[in-house]
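Commentary on secondary and tertiary structure
Residue-level listing of the chains:
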Amino acid sequence: MFSCVSFLDSHVDRIYNELRELGYDATAPLRVSDVSKVDQYHYHGTQSIDEAIRKLGINSSMRILDVGSGIGGPARYLSTVTGCEVVAAELQADLHRTAEDLTSRCDLGKTVKHVCADFTQTDLGSGAFHMIVSWLVFLHIPDKDKLFQQCYDHLKPTGTMYIEDLFCKGVFLEEEYTHLQTGVFCTNLPTKDAYASQLAKVGFINIEFDDVTEDWKSFVHQRYLDYQANRARHVRVHGEVVYTEQVEFYGVIDKLFQGGHLGGCKIVAKK
């Protein structure tokens with residue numbers, strides 16, 4: 001069994017394979033409208049970001065912190081659609097370097113700044129951000145108290161945090177827990193009540209917890225089926241090894257959601 005972190009580290013270049021499929025060579029300038037078709041690794045892609053933009057009222061006057069920004073897909077899309085400034089913080093060096101390259105080629109260097117750092121140990125500006133956003137990242141960070149305190153401290157007064165994440169809906173079976181540890185790199189998933197309690201503990205208020213489990217359950221199942229159905233295409237573009245590891249990962253996520261103990265949520269909390 002592989003970990004999702006090692007998969008991302010080992011196959012960061014799969015984004016470049018997809019860009020070649022779209023007709024871009026290794027150094028060509030990029031259009032965000034094209035790149036956003038293949039650089040969104042969370043559920044529902046740009047549709048999810050559009051929902052966050054509407055819900056939060058993100059606009060060009062705002063400074064946004066994207067925690068666990070990966071290869072920068074959400075940060076680039078946010079900045080392009082709204083004109084906001086985004087600081088994109090990513091722990092993994094390979095993902096960070098790829099994000100910087102893609103952002104530069106999209107000519108977004110003035111509005112999207114990439115930082116390679118452990119957010120839980122880094123000061124990116126106390127009270128410097130109107131909003132914090134994060135898509136499917138907090139599940140990988142065990143110390144939620146430290147994480148949420150950092151988020152709170154980085155927000156301006158009355159700032160808002162938007163999270164899409166996984167949570168625990170029931171007691172995991174031993175096999176499920178093993179999959180979470182080794183296949184998803186997740187060791188500390190809170191329940192709904194624990195999530196809200198941990199946020200409130202550091203000072204967040206007006207906490208909205210939207211359980212989107214059924215929607216995500218359908219999404220990941222269809223994604224798993226579609227990926228297998230398009231095996232020939234994916235092997236041609238990425239090779240057999242990447243296909244095999246990706247389909248295994250998709251299968252693990254599908255199985256966890258189908259088991260009924262893993263949940264998906266969208267959380268809004270205010271400082």
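Refer to the structure presented above.
The sections below set out a description of the structure shown in this document.

Cut-off values and rules
Residues numbered from 1 in each chain as written. Predicted model: local features only at pLDDT ≥ 70, side-chain atom pairs only at ≥ 80, totals over all residues. Heavy atoms only, no water. Phe/Tyr/Trp six-rings, centres within 6.5 Å; stacked < 30°, edge-to-face > 60°. Helix = DSSP H or I, 4+ residues; strand = E, 2+ residues; numbered from the N terminus. Buried < 20%, exposed > 50% of the residue type's maximum accessible area, 1.4 Å probe, protein only. Lys NZ or Arg CZ within 6 Å of the ring centre and 35° of its normal. Pairing = 2+ DSSP bridges. Core = buried A, V, L, I, M, F, W, Y, C linked by side-chain atoms within 4.5 Å. Contact = heavy atoms within 4.5 Å. Axes fitted to C-alpha atoms, helices over the stretch in contact; angles between N-to-C directions. Lys, Arg positive; Asp, Glu negative; His and termini not counted. Salt bridge = Lys/Arg side-chain N within 4 Å of Asp/Glu carboxyl O. Right-handed = clockwise from strand over helix to strand, strands pointing away.

In this structure the tally under the stated criterion is eleven aromatic pairs. Where Tyr-43 meets Trp-216, the ring centres are 4.9 Å apart and the plane angle is 80°; that geometry is what we call edge-to-face. Residue Tyr-43 is located in the loop between helix H3 (32–35) and helix H4 (45–56), and its partner Trp-216 is located in helix H10 (residues 213–229); the two are separated by 173 residues in the primary sequence. Both rings, one in Tyr-227 and one in Tyr-250, keep their centres 5.2 Å apart while their planes meet at 85°; by these two values the pair is edge-to-face. Remark: Tyr-250 occurs in helix H12 (residues 240–258) and Tyr-227 occurs in helix H10; sequence separation between them is 23 residues. For the pair Tyr-227 and Tyr-250, a shared accessibility class is recorded, and that class is buried. Between the NZ or CZ atom of Arg-14 and the centre of the ring of Tyr-41, over which it lies, the distance is 4.5 Å. Over the ring of Tyr-152 we find Lys-271; its NZ or CZ atom is 4.8 Å from the centre of that ring.

This part is about the pairing of strand S7 (residues 262–270). Buried residues dominate S7, accounting for eight of its nine residues. The sheet contact formed by strand S5 (residues 155–168) and S7 spans nine bridges and is antiparallel. Bridged to Cys-168 within S7 is Leu-262. Pairing of strand S6 (residues 205–211) with S7 involves five bridges; the strand directions are antiparallel. Across the sheet, residue Phe-209 finds its bridge partner in S7, namely Ile-267.

Counting 33 residues, the largest nonpolar core has Leu-19, Ile-58, Ile-64 and Leu-78 as its most contacted members. Where this core is concerned, the elements lending two or more residues are helix H2 (14–21), H3, H4, helix H5 (73–82), strand S2 (85–90), helix H6 (93–105) and strand S4 (129–135). Per element, the largest residue contribution to this core is four residues, and it comes from H4. Apart from residues no more than four positions distant in its own chain, Leu-78 is found in contact with Ile-49, Ile-53, Ile-58, Ile-64, Gly-83, Cys-84, Val-86, Val-133 and Trp-135. In this structure, Val-67, Phe-119, Val-137 and Phe-138 belong to the second largest nonpolar core, which totals 29 residues.

By secondary structure assignment, the location of Ala-117 is in the loop between strand S3 (112–116) and S4. On the basis of relative accessible area, Ala-117 is assigned to the buried category, the value being 16%. Here the alpha-carbon distance between Ala-117 and Ala-93, two residues 24 residues apart in the chain, equals 8.6 Å. Beyond its immediate chain neighbours, meaning those up to four positions away, Ala-117 contacts Glu-90, Leu-91 and Thr-122.

Pairing within the open sheet is mixed, and its seven strands lie in the order S3-S2-S1-S4-S5-S7-S6. The sheet is open, and its two edges are formed by S3 and S6, each paired on a single side. Within this sheet the neighbouring strands show an average axis-to-axis angle of 15°, counted without direction. In this structure, strand S1 (residues 63–67) lies alongside S4, joined through three bridges in parallel fashion. Within S4, the position partnered with Leu-65 by the bridge is Ile-132. On the sheet, H6 packs against S2 and S3 and is oriented at approximately 165° with respect to S3. The strands that H10 touches are S5, S6 and S7; relative to S7, the one it contacts most, it runs at about 130°.

By the element assignment, Asp-254 lies in helix H12. Despite being buried, Asp-254 has no salt bridge partner; Arg-223 is the closest side chain of opposite charge, sitting 8.2 Å away. Residues within four places of Asp-254 in sequence aside, it is in contact with Val-220, His-221 and Tyr-224.

Turning next to the pairing of S2. For S2, the buried fraction is high: five of the six residues fall into the buried class. Regarding topology, H5 serves as the crossover connection from S1 to the parallel S2, and that connection is right-handed. Bridging between S2 and S3 involves five bridges; their strand directions are parallel. Considered in S3, the bridge of Val-86 is made with Val-112. Of the crossover connections in this fold, the one passing from S2 over H6 to the parallel S3 is right-handed.

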